[in-house]
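# Chains, contacts and geometry: an overview
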Amino acid sequence: MRDAREPRGRARVAMLTCELDPIRCGGLATMVTALCRALDPARFQPVVVLPRSGHAPPWPHLERRLLPYCAADRYQAGGSEVWLLSNPLLDSEGVIYPEPYDHAGIKKTDEYGERVAELLGALDARLLHLHDAYAYKCLYEARRLGLPTVLTIHRLHEDEPPLAFAEMASAQLATVVTTVSDAYRRERDDFFSARQDVQVIPNGIDLDFWSEDALPPEPAGRAARRRRLLRSLELPERPTFAFVGRFDRDQKGLDVLLDALHAGLEGAPLNLIVAGEGDRALAERTAAAAAAAGDRVRLLRRMLPQDEVRALLAAVDFAVIPSRYEPFGLILIEALAMGAIPVASRVGGLRDVLAGAQPGDPGPGRSFEAGDAAGLAAAMLEMARLALAAPEAMDNARRAARTRAEAYSARRMAARYEALYSATLAAGASPAAGRPAAPSGPPAGRARAREEGANDADRSAT
Ligand code: NHF
C-alpha cells in the first residue's frame, strides 16, 4: 500500500551490485534480478549500476557517457535501466570478484564505489539500494547529497578483511540496514547488533519461472523426466539426489557431502549428481569420488544456467544443501518450487524456510546439523528408503514443498522492499546522524556530470 508521505511520481532506485543476470556468480544475481523485475513499475524504476566485468549483455544500448575515470554505458534491460561501468579495473575479463580479494578484489570494489559516487548526479535516483557493501565508497557522497541509502547484507565477508571493513563502515553510514533471514541476523549478532534497527526481508523467486508448469509438457509426468536424465548420465534407476552450487571451502559444504559418501552411504541405493564449479582441489576430489563410486555419482563441472538448474531440479528426487552457513540459500526455495525434496543443514535461511509453520512440523524434507557428515548420510539414506518404499509419501512431500515455496514469491519480497523504500524516502536520509553541511561548490566530477546534462542530484534527494 502506498505510504501517504511517499513523494509523488515514480521513484528511481539505484541498485548497486556486482551481479545482475547474466553477469552472475551466484544468488546475488538471482535476487537482484528478481527484485528489479518484481517492483511495481508504477512506483519504482530500478536503475542498476554495476561493473562491466568483461560482459557484453544482450540489452539495447541507449547511450555512452565518458566520465573522468570510466565509461558508463546505459542499457534498457526489460523494465530496468542498467549502467555498466568500465575501465581497466572494472572490466576485468569476465571476472566479477578478482582474487586475491585483499588486493585485486578490494581495488575493484573501491574503484566501483568511487565511480558510482561520481555518477550519482546523472543517475537522478531518489534512493540507493546497496546489495552487500561493494559500493561502500559512494556512501559518504550519498550522505552529503542527502540521498537515503538501504544496505542489504546478503552475506558477510569476515574471511575477506578489506570487505569486512567496508561492511562495518557501510552499516554505520547507511540509512537502513536489512538482511535476508531472521536466523542469519541472530547467527551474526556480532555484526548486526551494532544497529538496533536491522530489518529482515526474506528473498523471493519468480514462481512462474520456477514451476514444473513452465517446462515442456511431459505427458508421462515427473518420472519420465527422471528416467531421461538418468539415461543421459548413464545412471541406474534409483532415488536421485542433486547438489547444485559453488565449490568452495567455507560455505556451501560440498566437502561435507563428499565425506558423507564415506560415512554410511557406501552401497546405499541412491544416485548423486554434483553440478557446479569453483575451488579446483574440491572439484578434483569430487571427480575422484565420482570415479570411485562408479555407477552412483556424476559430476557436471560447470555453473549451470538457471534453465538447466530448473530442469535438473524438476527431474531429481532430492536436493542436498549441506551449507556450513547460509544467509538465505535461494537454491532451497528453487528446489522446493520444482518438487526436489530438500535435505539441508539447519543454518541461516535454510533453517527459517524449513522450519514448520506449526510447532513440531518438520517441514518438507529433512535437516541435519551443519558440518555433520554422518547426520547428512543418515538423512539421505532415510529419504532414499522412503522414496523406494512409499512413493505416494514423496508426492505428498512434493506438494508440501511447492506450498512452502509459494510463501517466497519475488512479488512478496518486492512488496516489502517497496514499503521500506517508501518509509525511507518519507523519513529522508539518516535523520539520527544529521547531514554534513553542503560544501560551497560542487566537486569537479559532479560539476562535469551536470555539464553533461545530468539532473541536479540535490533536487532528487527529497
Ligand atoms: O541467498 C542472495 C544470496 C543468499 O545465502 C545466499 C548468499 C549470498 O550467501 O541473498 O546472497
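This structure is a prediction, so every number in the text was calculated from the model and none was measured. Along every chain, residues carry numbers that run from 1 in the direction the sequence is written. In keeping with the model being predicted, local features are shown solely for residues with a pLDDT of at least 70 and side-chain atom pairs are shown and tallied solely at 80 or more, while totals for entire chains, interfaces and linings include all residues. Side-chain numbers here rest on the full set of heavy atoms in the structure, without hydrogens or water.

### Notes on the sheet that holds strand β13 (residues 318-321)
What counts is decided by this rule: One requirement defines pairing of two strands: DSSP has to find at least two bridges between them. A run of H or I in DSSP counts as a helix once it spans at least four residues, and a run of E counts as a strand once it spans at least two, with each numbered from the N terminus. Axis lines are fitted to C-alpha atoms, over the contacting stretch for helices. Their N-to-C directions set the angle, which ranges from 0 to 180 degrees. Residues count as neighbours in contact if any of their non-hydrogen atoms are within 4.5 Å of one another.
With parallel pairing, six strands are arranged side by side in an open sheet as β12-β11-β10-β13-β14-β15. In this open sheet, the two edge strands, each paired with only one partner strand, are β12 (297-300) and β15 (366-368). The average undirected angle you get between the axes of adjacent strands in this sheet is 20°. In terms of strand pairing, strand β14 (residues 341-345) meets β15 through three bridges, oriented parallel. Residue V343 lies in a different strand from β15, and its bridge partner there is R366. Relative to strand β11 (residues 271-275), helix α8 (residues 254-261) is tilted by about 155°, and along the sheet it contacts β10 (240-244), β11, β12 and β13.

### Comments concerning the site of the ligand
Spelled out, the test is: What makes a residue near a molecule or strand is one non-hydrogen atom of that residue sitting within 4 Å of it. For this analysis, a polar contact is any N or O atom pair within 3.5 Å, provided that within protein one partner can donate a hydrogen and the other can accept it, and provided that sequence-adjacent residues contribute only side-chain to side-chain pairs. Shrake-Rupley sampling with a 1.4 Å probe provides the accessible areas, and residues are treated as covered by the protein chains on show and by no other component. Note on residue classes: Ala, Val, Leu, Ile, Met, Phe, Trp, Tyr, Cys and Pro are nonpolar, Asp, Glu, Lys and Arg are charged, and everything else, Gly too, is polar. Boundary definitions for the domains trace back to an automatic or database domain assignment.
Near the ligand the following residues occur: G27, H154, R155, V180, N203, Q251, E326, P327, F328, G329 and L330. Taking P327, its main chain carries an N or O atom lying 3.5 Å from an oxygen atom of the ligand. Relative to its unbound accessible area of 290 Å², the ligand is 92% covered by the protein chains. In the shell around the ligand, the residues fall into four nonpolar, five polar and two charged. Structurally, the shell around the ligand is a two-domain feature, drawing no fewer than three residues from each of domain 1 (11-204 + 410-461) and domain 2 (212-408).

### Describing helix α15 (residues 410-427)
The condition is simple: Here, expected helix span is obtained from the residue count minus one, scaled by 1.5 Å. Each residue is placed in one exposure class: buried if its accessible area under a 1.4 Å probe, protein chains only, is under 20% of its type's maximum, exposed if it is over 50%, and partly exposed if it falls in between.
In this model α15 runs 26 Å from its N-terminal to its C-terminal C-alpha over 18 residues, within 8% of the 26 Å that 1.5 Å per residue would give. For α15, every residue scored as buried is listed here: A410, M413, A414, Y417, E418, L420, Y421, S422, T424 and L425. G428 sits one or two residues past α15 and shows a positive phi near 85°.

### Looking at the packing of helix α13 (residues 373-389) against helix α14 (residues 391-405)
What counts here: Orientation categories follow fixed angle ranges, with anything under 35 degrees roughly parallel, anything over 145 roughly antiparallel, 65 to 115 roughly perpendicular, and all other angles oblique.
Running from N to C, α13 and α14 cross one another at 115°; their axes reach a closest spacing of 5 Å. When the axis of α13 is compared with that of α14, the two are roughly perpendicular. Contacts between α13 and α14 pair L386, A387, L388 and A389 from the former with P391, A393 and M394 from the latter.

### As for the pairing of β12
Formally: With strands facing away from the observer, any crossover in which the path from the first strand over the helix to the second runs clockwise is taken as right-handed.
Sheet topology places β11 next to β12; four bridges connect them, and they run parallel. Pairing of L272 across the sheet is with V297, part of β12. Regarding topology, helix α9 (residues 280-293) serves as the crossover connection from β11 to the parallel β12, and that connection is right-handed.

### Concerning the sheet that holds strand β9 (residues 199-200)
Taken in spatial order, the nine strands make up an open sheet running β3-β4-β5-β2-β1-β6-β7-β8-β9, and their pairing is mixed. In this open sheet, the two strands that pair with only one neighbour each are β3 (61-66) and β9. Here strand β4 (residues 71-77) pairs with strand β5 (residues 80-86) via seven bridges, running antiparallel. Its bridge partner lying in β5, D73 is registered against L84. Helix α2 (residues 101-123) rests against β1 (11-16), β2 (44-51), β3, β4, β5 and β6 (127-131) of the sheet, and its axis sits at about 140° to β2.

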